[in-house]
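Observations on the three-dimensional arrangement
So the chains spell out like this:
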Amino acid sequence: MSSLLPNEFILPSIANIQYSRVALKPGGKKSAQLVYFNHEEDISQAMQTIFENKAFDLPSPKIIIVLEGGISNASERLNDFNEKQFSTLVARLLLDIGRNKLSNDQGAPWLFSNIRHDSVAGRIIQTTKQQYLANDIPLSRFVTIGIDICPSVSLEDAPHDYHSLVNAITNGFQEKSISEMNTNGYVNYRILNKRLGRIILYGRKQEDLIDRTTVLQRCVEEIGRVRDSDKSECVSVPKILLLYGGDVDNIEPIHRLLSTEIDRKKFGLVIIRGSGGLADVLAWVCDKILSGGTCIHRSEMKALSKIFLRELKVLVSQLLGSDITDNLITLVTYLAVTRCKKIRVCDEDDDLSLYLLEALVTANQNQRLSSLKLHLSLAFDLNQPKFASRMLRTNQDIPEEDLIQLAKMAIIRDQVQFLHVLEDTCGITSDNLGEKFECELSVKMNYNHDLFLECIQQDFGCSLDDVYRSADENSETAEDELQSINVKLFLWAVFFDHYNLSLHFWRRLNDRLCGALVAALVYRHTADLCVKRSSTEIVTVQKLRDHADEYENLAIRLLQCLYLSNPNMARLALKRENFEFNKLSSLEVAIMSRSEDFVGHTSVQEVFDVIWSGETSHKIKGKHFDRMLATTASSFGHATTGIQAKDQQNFLKYILTMKNKLSRPRVKYQVHFLFYLIFLSLLSYLVLFVKPSLIELNEEMTILIQNDTCPDENNMFCAKPISSKQSWSFLQLLINIWVFMFALEEFRQAKLFKTKTNSLAQTFLLYLDESWNKLDLLCVVMYVASITLESYNTKTTLNAARAFLAVDVVLWFIRLLILLMIDRTVGPMLLMIQAMLNDMMTFFSIFFVFTSAYGVASFSLLKSGQPPLDFAIFRKIFHAAYWHVFGQINDLDDVKDNFELTGWAAFVLLAFYMAVSNILLVNLLVAMFSNTFDRMYSKMDTLWKFHRYHIIKEYTILAPLPPPLNLLSTGNYESKPFNRKYKNKHLYFAFFHFNISNTFYSCILVLCYLLFSRADIILR
């Protein structure tokens, strides 16, 4: 519905009504819409005219709350009443009703109050508006209306501003308005409730019996009529009377609202005990009635007992400061006759929403079927699952469509307890929501569903519809369809961070262990996505990572319980394919989600031990682990299948099964490590003793230049020296073959990442995701670059080739650290060094700025002559500045005796640079290292256990024989890290493939040898 419009857009009214905007405090803005009509107009017709006007084009009411009473500081209370706490509770209740994500046409709370100042009513309205704004709810969904009466005047003299409104109200009740005037003539601003949005003022005659309650009743009736005309189903609006404090003037209005049926429904009453005044009196009366006291004679049901009247008189005198009136006797008698069925007494610390719902239901027992759905909706709004459960159990005839709508409402609002209620009482589960309900949810909640589908594709390698795989792919049962819906909703809830909702769907999964790890994977992927898209969402990212950690801890607890009860089943659960998540095993998902603590569990490490050793370890002997591995359908289970081949009847089969023994990861590691040490020794010997000295080559080149025998005008590309024209030695050729076979092995590993959907570029990027592969590729490229440059035999290329080879030797030695990662003592230390290197890179980005600033400035002050612009100038600039950090201050001699302005400037720059670099930056680096050490020391063992997977994976997919002997390997391996070996029926095919591979590799080897050995001729 539209918001309030200016007066010029107001339609002509049927009744004569005056509209105006007024301020409700002196000097304030005209924020309230005032409507005035007098006794000449019929009240019902006037109300109809008011609500047909655009100024009162308001959202349909979901509930009507009338604030009655008021806190008087002079009245005595039974206990202290916290106005702020009570106002916050009511505001939270109104917020829950106004917050509705399912549809825009679900109604809004309407709040009626007196126009006069009431601190509690004003605080309730103010707090509610603040909470609406904080939750991005438009204030148009919260309606506040003040109703009052005043002496009748003509429409021309109707109240139109603050002063006339105050005078109309105060004169009507003959209050001491003069005593409330200050010296400036302004009325006290605490007379009116300045938080109201709309005011309905009725002008009556002196002898007229119409009061504020009558106007309120007519207003509520018109609201019900307008709602019935807009709705196909006539359902009465729930109405509640909230009483706090109060005095004798509130007795008669309360009785009339409780006893009169308005819009086919009576008001319910909620009394706030402890607020003083009439509220405490009626709370005491209700307790007496409900406790079974003799407050009514049995002979005459409408007479109160004398004992009860004496006690009531004392209490009224104490709390209200007056005698018992006839109106009070009438109200108490009415409560006694009805046994307080429409009244609920709420203490200050009780749940107000529950009492409000109970008062609504008990007040309308005769309209159960027409009001049940609305009451359930209010129960959802007010988050009262127990109340909703009680209503659903006593009303089993609710249509299933309505229950499904309630379930959808609960999912949108993250009200998981209501999903449990609907499931337990009515059997409504996620299976009833529809196959594409996750898409419907994204549309209604304005979520990016395409991004969700894209992330699922990246995480699971398939679309959302293909994530769930039935056990029998040829036939899909109804149970598979229902479980597929639950899996989709679970992934949707995790991705869009509905944590409690995801837990609800997680409990309905068949494999909760894998489901918890999948949730950790999706949460961490979403957190990384938030970091890439916006670096300011620190709170959101941390929240997502905390939820991922909670799911990981949940998976650890499940695995620990299973491992303590049955270790064999725990290891089987890790390796079993999960049909709910694209046939991924729990261990695969744990690696993908970087669940380090989970991978560090004893059960996971035992699986690694078996795969690493290739046979049952002593730690788990006697547990039938081999049989368990043989029966599992996962790729992890086939990691050791066929390792212990003992059939030696056929000699050819025996020879071929020797490959299985060499295929054990631990054996392959030992063989590769031995051959790699030999390779490093030969490479070092080549560099140190076989390669000619660069000094001798440069001297020969200098002689050629001095003798003018250089055919090229550029001396850098002078003729080839005689000593460099010798052919490759046997050692050089052996190392070339070694590196070439190493490159072939890396190429074979890169092929494992090639799938039908991956392009060559994507395959290459996937290959480079592994840090080891980056180092391996760099080692090969550097070596190829060195031998290629060496083939040119010029001074520049020979120096560049030797430089590339020297750096390459360093990289080959660094690669040895990767082989040492498997050791439990050295591995954690290497991980810590890797983390400290990341800190060092961050440090050098800062250090480079200071070094560049000082180097350029000091060189400009101390340079002699005009240096040429070449690469040497950069080395000179950074040389001195960098080594100053380590104490080599050669510039001090140039500065200490120079008392010119340039000398003073150089002295100041040097002093400042030394202070910053040696004191500030170096200590900063030490602090960063210390922080990294403290952060990683407590979880070093866990990190090593997680990275151990990558080592085992590397040596599982490697060829059984190391370079250069991998020429004798078949090279036929699957793409999964723990692949299945050849079965007996495939042995002969493997032997045939072995011969073909040898022939192919031999041809390639001869071709490459001819190419590199005659590279100098080709380049000529």
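For the structure, see preceding data.
Figured I'd write up the structure that's included with this text. (Residues numbered from 1 in each chain as written. Predicted model: local features only at pLDDT ≥ 70, side-chain atom pairs only at ≥ 80, totals over all residues. Heavy atoms only, no water.)

Now for the packing of aromatic side chains. One pass over the full model with this rule turns up 35 aromatic pairs. Ring geometry for Tyr132 versus Phe142: centroids 5.6 Å apart, planes at 45 degrees, classification tilted. Of this pair, Tyr132 sits in helix H3 (residues 119–134) while Phe142 sits in the loop between H3 and strand E5 (143–151); the two residues are 10 residues apart in sequence, bridging distant segments of the chain. The pair Tyr132 / Phe142 is uniform in exposure class, with both members buried. Taken together, the ring pairs connect Phe675, Tyr676, Phe679, Trp738, Phe742 and Trp812 into an aromatic cluster. (Phe/Tyr/Trp six-rings, centres within 6.5 Å; stacked < 30°, edge-to-face > 60°. Helix = DSSP H or I, 4+ residues; strand = E, 2+ residues; numbered from the N terminus. Buried < 20%, exposed > 50% of the residue type's maximum accessible area, 1.4 Å probe, protein only.)

With that out of the way, let us pick up the pattern of salt bridges. Enumeration over the complete set of coordinates arrives at 24 salt bridges. Across the salt bridge formed by Glu552 and Arg524, the nearest N and O atoms sit 2.6 Å from each other. One end of the pair, Glu552, is in helix H20 (residues 538–565); the other, Arg524, is in helix H19 (residues 512–533), and 28 residues separate them in sequence. Judged by its relative accessible area of 4%, Glu552 is buried. Arg948 serves as the salt-bridge partner of Asp609, at 2.5 Å between the closest nitrogen and oxygen. Pair noted here: Asp609 is in helix H24 (residues 602–613) and Arg948 is in helix H37 (residues 940–957), with a separation of 339 residues, a long-range link. (Salt bridge = Lys/Arg side-chain N within 4 Å of Asp/Glu carboxyl O.)

Let's shift gears to the nonpolar core. By size, the foremost hydrophobic cluster in this structure holds 179 residues, and its most contacted members are Ile65, Phe86, Phe490, Leu491, Tyr551, Phe581 and Phe598. In terms of residue count, H19 provides more of this core than any other element does, 12 residues in total. Phe86 has contacts with Phe81, Val120, Ile124, Leu242, Tyr244, Ile272 and Leu352, leaving out every residue within four places of it along the chain. With 63 residues, the next largest nonpolar core counts Phe56, Ile149, Cys219 and Val345 among its residues. (Core = buried A, V, L, I, M, F, W, Y, C linked by side-chain atoms within 4.5 Å. Contact = heavy atoms within 4.5 Å.)

Here helix H8 (residues 306–319) contains 14 residues, and its C-alpha end-to-end distance of 20 Å stays within 8% of the 20 Å for a straight helix at 1.5 Å per residue. Turning to H8, its buried residues are Phe308, Leu312, Leu315, Val316 and Leu319. Looking down the long axis of H8, one finds its buried residues gathered within 100 degrees of arc, a one-sided arrangement. Of the exposed residues in H8, the ones pointing more than 90 degrees away from its buried face are Lys306, Ile307, Arg310 and Val314. The inward-facing, buried residues of H8 abut helix H7 (277–290) and helix H9 (326–338). At the exit of H8 stands Gly321, carrying a positive phi of roughly 70 degrees. (Expected span 1.5 Å × (residues − 1). Arc of directions from axis to C-beta.)

So, about the packing of helix H33 (residues 826–862) against H37. Interhelical geometry of H33 versus H37 gives an angle of 95 degrees and a closest axis separation of 9 Å. Our classification of the angle between H33 and H37 gives roughly perpendicular. Only Met940, Leu943, Trp944 and His947 of H37 make contact with H33, whose side of the interface consists of Gly827, Pro828, Leu831 and Met832. Along the lines of polarity and charge, the residues of the contact of H33 with H37 split into six nonpolar, two polar and no charged. (Axes fitted to C-alpha atoms, helices over the stretch in contact; angles between N-to-C directions. Parallel < 35°, antiparallel > 145°, perpendicular 65-115°, else oblique. Nonpolar A, V, L, I, M, F, W, Y, C, P; charged D, E, K, R; others polar.)

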